[in-house]
Amino acid sequence: MVQHFIESQQLTLNLMFSLFQRADQLRHGTHEVLKGKVMATLFYEPSTRTRLSFESAMLKLGGQVITTENAKEFAAVVKGESMEDTIRVIASYVDCIVLRHFEEGAAKKAAAMSTVPVVNAGDGRGQHPTQALLDMYTIYRELGRLDHLKIAMVGDLANGRTTRSLSYLLGKCEDIEIMFVSPPHLKVGDDIKDYLNKHHVIWHEETNLDAVLPLVDIVYLTRIQRERMSSIDYFNAKGNYILTQKNLQALKPTARVLHPLPHVEEIDLSMEVEQTDPRVAYFRQAQNGLYVRMALLDFLLNQKFEEQPTQADAP
Amino acid sequence: MVQHFIESQQLTLNLMFSLFQRADQLRHGTHEVLKGKVMATLFYEPSTRTRLSFESAMLKLGGQVITTENAKEFAAVVKGESMEDTIRVIASYVDCIVLRHFEEGAAKKAAAMSTVPVVNAGDGRGQHPTQALLDMYTIYRELGRLDHLKIAMVGDLANGRTTRSLSYLLGKCEDIEIMFVSPPHLKVGDDIKDYLNKHHVIWHEETNLDAVLPLVDIVYLTRIQRERMSSIDYFNAKGNYILTQKNLQALKPTARVLHPLPHVEEIDLSMEVEQTDPRVAYFRQAQNGLYVRMALLDFLLNQKFEEQPTQADAP
Amino acid sequence: MVQHFIESQQLTLNLMFSLFQRADQLRHGTHEVLKGKVMATLFYEPSTRTRLSFESAMLKLGGQVITTENAKEFAAVVKGESMEDTIRVIASYVDCIVLRHFEEGAAKKAAAMSTVPVVNAGDGRGQHPTQALLDMYTIYRELGRLDHLKIAMVGDLANGRTTRSLSYLLGKCEDIEIMFVSPPHLKVGDDIKDYLNKHHVIWHEETNLDAVLPLVDIVYLTRIQRERMSSIDYFNAKGNYILTQKNLQALKPTARVLHPLPHVEEIDLSMEVEQTDPRVAYFRQAQNGLYVRMALLDFLLNQKFEEQPTQADAP
């Protein structure tokens, strides 16, 4: 049976732990578990960082890659081939498809037609489930646990795909407390709040980052998108959502700073601090993406990825 | 001696059968017959589907690939390097060049300069011989023979490169009957008709697809190019050249539907029919391109591709 | 300790000879010395020829490649990620980065942040040290020595990056005499002249190529950039800086013609002469780029590249 990875709802705690243990193993040595296999990275919009991470993951397992950042050209030639037909053709050339698409739901449609595993590498305003997976893997790596956690999520929580997915996955863990730190007009959605309530996750809303920093195990920063607010709102807001050398001091020694990257002004640390302070974890987080994608590809292509029933409670 | 694959005239029946038998073998297992070899895909115009098919073929033989869809840039830098010089440089980096070019005859010019095998992946209005090869391979796979065939070719036969090449190759086979089905102003050229007469191939011209469907072993559909006729001609014509769920019923159970893909409105079948009716062969046809290109690369790089004298009777 | 190759100043005579001997070995057989390793080609501006040469080098050593000619997109997404951050992320996916950038000094900045070797594949008006390396390797291959040489450098010597680097490296060799042949307003810079004086290299300036050809062991041609002079200057000048079938006759039988390629009108030889006259060495020179880059990658990734003190006397 063909296995796909389309949405974070497929991830149970058990599956995550299995993937993380496999990812830990794959950090060392060279591997050939996907020798003879070919993966296509089919990107309908460019996302170089994500593409390179998947491609390196495949190569480091002994597999091979064919690639296009120009997938729209398939359709353009004749003004009308459906994405489903494209998927059927490409699936006949390869052993696995990594799909990036600008339309929500595209990955699900692709999986329905594909004779080989499809991995969702982001579909519009929909999901980007390997980002959620690498975020959880980073917490697991950095703190050694996925429970008994206090987490601050900071920035644009209304539009942020990463913080939504992370909240969702944390709902599967024990003894979680989330502090949502955002400008008033960029608060996290009610659907997430309802979901967290149902799963007994404690949550608060805050507007000031400094007040929260001393309390948490994880600070998950995201970009305040200047284009989503007035200049005055931005000017008033931004100081509250920037991590600086100064307010970093308030963070517990065992705490960790995460960010999906790329970061801009919401992180204002010197390169030296970034390189030496063990609490700065976001570059290790990016590297974790490589290893957890290796584990995922190994599971999908070597039939170790038991499909979990889609959970109806997903937000 | 360096061997190239530039035009379908190089294909004798014997060579085709050898390639097809090799392609059949290569469908199974993993292969390393091109280990240590590097192929360049040098595309002066994008053709993602063809490029990915060649690249996967090379990788699945244990070879490696370097690629550019940006080959025009070579020339652009200094406004004047000849394609021949580019070929000489690239040939010194790799073991094989797959060339796509917008100018007819480019592949031949490239082969003349190259110290490694050149494969023509389409040169303007010229040839695209691996497409013709995969079409013949599909007939061989689906029907188990390349003789005693009744074939309908449908659509724009005046401009269609694929139907011309296929007619040419069928001229080498025994007991062939071709029905050309096209709007009156898009009929197949006289050169093809002369060639078929000379090779004792029976042919007719028809304008109505429905009348032909019950009679044939193969329906080879191509796109009616709306931009090549007036709206009224198109409106009157199009119903006659579309395969629908209804007229598909008239096709013999053992017959097969082929199409070079991508298809648009000339095929109006549900996805379910496409997936379950064994007569719908065009996705298998696309996949056959992978295997026959594997066989071709193996022959060219491992010196099994004996060059055939170019036949003077080519159209 | 991480080793980088950023500027030609790192090349001592000893290191060059070691690289050239390794390059000679790597011309034969297949190799797996970089098996399991992944290289990223991170190009902020396209340079297809250089990129393909590096990529083929990596693949022919058993390594793998991930690639982008679209590296600007990293920054574009959020209008603000620094190149240093991009390097840190990519360095966490791969074992080596080949960087092409439009800004002088970019490679040095990248190396400072990278946890894996960085190779400079050209940074703006700065360096392109693997070009200088392959030029020297070609002299070594063609003449069997790097000393007792008379060399003509021809064309735009004021702006040419390649002739500057080559002059610099020749300054490390014994008994060198350089003839700079250029239009009066495109003479080589005083810094190079000072450097050569300091290193006891004899040099002259000439304006007429024909007078120089019978005297030299190497003619290193470069493009006269028409856009850098008036039409009249160009018309008067160009005849003096073109190698033709006629003036080629004046060249000694053991001499060699080099050119960094692509060439345009400054070389006016028939393809037959280019293919049969052993003095025409510029296509072999391009191929040498492949082998010397293989040697370089082997040295950098397998820790054989001992860093030399940067020499203060670099021009």
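What you see is a predicted model, and the numbers here were worked out from it, not measured in a lab.

Draft legend 1. Structural context of the overall build of chain A. In terms of helices and strands, chain A carries 13 helices and 11 strands. Its C-alpha atoms give chain A a radius of gyration of 20 Å, near enough to 20 Å, the size a compact globule of 315 residues would have. Buried residues in chain A amount to 52% of all 315 residues. Within chain A, residue pairs in contact and separated by at least 24 positions form 77% of the contacts whose partners lie at least 6 positions apart.

Draft legend 2. Region of interest: the nonpolar core. A:I97, A:V219, B:I97, B:V219, C:I97 and C:V219 are the most contacted members of the largest nonpolar core, which has 298 residues in total. Apart from the residues within four sequence positions on either side, B:V219 is in contact with B:A152, B:V154, B:L213, B:L251, B:A255, B:V257 and B:L258.

Draft legend 3. Quick look at the packing of helix α6 (residues 129–143) of chain B against helix α7 (residues 161–170) of chain B. Residue and element names in this part refer to chain B. Running from N to C, α6 and α7 cross one another at 60°; their axes reach a closest spacing of 9 Å. Comparing their axes, α7 and α6 come out oblique. Remark: the crossing between α6 and α7 carries right-handed chirality. Here α6 contributes P129, Q131, A132, D135 and M136 to the contact with α7, which in turn contributes T162, S165, L166 and L169. For the contact of α6 with α7, a count of residues per class yields 5 nonpolar, 3 polar and 1 charged.

Draft legend 4. Main features of the interface of chain C and chain B. Each side of the interface is counted separately: chain C has 19 residues, and chain B has 21 residues. Put simply, the parts of the chain that give the side of chain C that touches chain B at least two residues each are α2 (48–59) and α13 (282–301) of chain C. Of the residues forming the side of chain C that touches chain B, the biggest block, 7 residues, is contributed by α2(C). Of the residues that constitute the side of chain C that touches chain B, the class distribution is 9 nonpolar, 5 polar and 5 charged.

Draft legend 5. Summary view of the interface of chain A and chain C. Contacts between the two partners involve 19 residues from chain A and, on the opposite side, 21 residues from chain C. Breaking the side of chain A that touches chain C down by element, the ones donating at least two residues are α2 (48–60) and α13 (282–301) of chain A. When residues of the side of chain A that touches chain C are assigned to their parent elements, the largest contribution, 8 residues, is made by α2(A). The residue inventory of the side of chain A that touches chain C, partitioned by class, reads 9 nonpolar, 5 polar and 5 charged.

Draft legend 6. Molecular detail of the relation of the copies chain C and chain B. The transform that puts chain C on chain B rotates by 120° and translates by 0.1 Å along the axis, for an RMSD of 0.1 Å. The two molecules are tied by a three-fold rotation axis, judged by turn and shift. Measuring from the rotation axis to each C-alpha of chain C, the shortest distance belongs to C:Q64, at 5.0 Å.

Draft legend 7. Looking closely at the sheet that holds strand β4 (residues 118–123) of chain C. Residue and element names in this part refer to chain C. Pairing in this open sheet of 4 strands is parallel, and the strands run β2-β1-β3-β4 from one edge to the other. Two strands lie at the open edges of the sheet, namely β2 (64–68) and β4, each paired on one side alone. Adjacent strand axes in the sheet meet at a mean angle of 15° when their direction is disregarded. Summarising the sheet, strand β3 (residues 96–101) and β4 pair through 4 bridges and their orientation is parallel. Counted as the bridge partner of V98 is V119 from β4.

Draft legend 8. Region of the structure containing the domain arrangement of chain A. Here chain A is described as being made up of domain 1 (31–127) and domain 2 (130–285). Inter-centroid distance (C-alpha atoms) of domain 1 of chain A to domain 2 of chain A is 30 Å.

Draft legend 9. Looking closely at the sheet that holds strand β5 (residues 149–154) of chain C. Residues and elements named next belong to chain C. As summarised here, the arrangement of the 5 strands in space is β7-β6-β5-β8-β10, forming an open sheet in which the pairing is parallel. Looking at strand neighbours, the two that pair on one side only are β7 (202–206) and β10 (256–258), the edges of this open sheet. Taken over all neighbouring pairs, the strand axes of this sheet differ in orientation by 20° on average, direction set aside. Here 4 bridges tie β5 to strand β8 (residues 218–221), and the two strands are oriented parallel to one another. For V154, the partnering residue across the bridge sits in β8 and is L221.

Draft legend 10. How the structure looks around unusual backbone geometry. The omega torsion across B:L261 and B:P262 is -5°, close enough to zero to call that bond cis. Along the polypeptide, B:P262 turns up in the loop between β10 (256–258) and β11 (267–268). In this structure, A:Q303 takes a positive phi of about 60° despite not being glycine. Note on placement: A:Q303 falls in the segment after α13.

Draft legend 11. Region of the structure containing the environment of A:D95. Residue and element names in this part refer to chain A. Along the polypeptide, D95 turns up in the loop between α4 (83–91) and β3 (96–101). The spatial distance from the C-alpha of D95 to the C-alpha of P117 is 7.2 Å, given a sequence separation of 22 residues. In contact with D95, other than residues within four places in its own chain, are K37, V38, M39, V116 and L301.

Draft legend 12. Representation of the confidence of the model for chain A within the structure. Residues and elements named next belong to chain A. For chain A, the average pLDDT comes to 91, and 93% of its residues sit at 70 or higher. Segment residues 307–315: pLDDT under 50, and 16 contacts once partners within four positions in sequence are set aside and those in other chains are kept. Scoring the predicted complex yields pTM 0.94 and, for the interface, ipTM 0.92.

Draft legend 13. The pairing of strand β5 (residues 149–154) of chain A, seen in detail. Residue and element names in this part refer to chain A. Across 6 bridges, the pairing between β5 and strand β6 (residues 176–181) is parallel. Note that in β6 the partner of I151 across the bridge is I178. In this fold, the crossover linking β5 to β6 by way of helix α7 (residues 161–170) has right-handed handedness.

Draft legend 14. Region of the structure containing the pairing of β3(C). Residues and elements named next belong to chain C. Most of β3 sits out of view: 6 of its 6 residues are buried. Residues C96, V98 and R100 line one face of β3 and the alternating positions I97, L99 and H101 line the opposite face, and both faces are buried. One ladder, built from 5 bridges, connects strand β1 (residues 38–43) with β3; its direction is parallel. Residue L42 lies in a different strand from β3, and its bridge partner there is L99. Following the backbone out of β3, through helix α5 (residues 106–113) and into the adjacent parallel β4, one traces a crossover that is right-handed.

Draft legend 15. The arrangement of helix α2 (residues 48–60) of chain B in detail. All names here are of chain B. Given a rise of 1.5 Å per residue, 13 residues ought to cover 18 Å, and the 18 Å separating the end C-alpha atoms of α2 matches this to within 8%. Most of α2 is tucked away, with 13 of its 13 residues classed as buried. One or two positions beyond α2, positive phi appears at G62, with a value near 90°.

Draft legend 16. Representation of the environment of C:V181 within the structure. With respect to the secondary-structure elements, C:V181 resides in strand β6 (residues 176–181). The residues touching C:V181, leaving out its near neighbours within four places in the chain, are C:A152, C:M153, C:V154, C:E206, C:T207, C:L209, C:V212 and C:Y241.

Conventions adopted
Residues numbered from 1 in each chain as written. Chains lettered and ligands numbered in written order. Predicted model: local features only at pLDDT ≥ 70, side-chain atom pairs only at ≥ 80, totals over all residues. Helix = DSSP H or I, 4+ residues; strand = E, 2+ residues; numbered from the N terminus. Rg over C-alpha atoms; globule rule 2.2 N^0.38 Å. Buried ≥ 20, exposed ≤ 12 C-beta atoms within 10 Å, placed from the backbone. Contact = placed C-beta atoms within 7 Å. Core = buried A, V, L, I, M, F, W, Y, C linked by C-beta atoms within 7 Å. Axes fitted to C-alpha atoms, helices over the stretch in contact; angles between N-to-C directions. Parallel < 35°, antiparallel > 145°, perpendicular 65-115°, else oblique. Left-handed = near helix turned anticlockwise from the far one by under 90°. Nonpolar A, V, L, I, M, F, W, Y, C, P; charged D, E, K, R; others polar. Least-squares fit on C-alpha atoms with pLDDT ≥ 70 in both. Pairing = 2+ DSSP bridges. Domains from an automatic or database assignment. pLDDT = per-residue confidence, 0-100. Right-handed = clockwise from strand over helix to strand, strands pointing away. Expected span 1.5 Å × (residues − 1).

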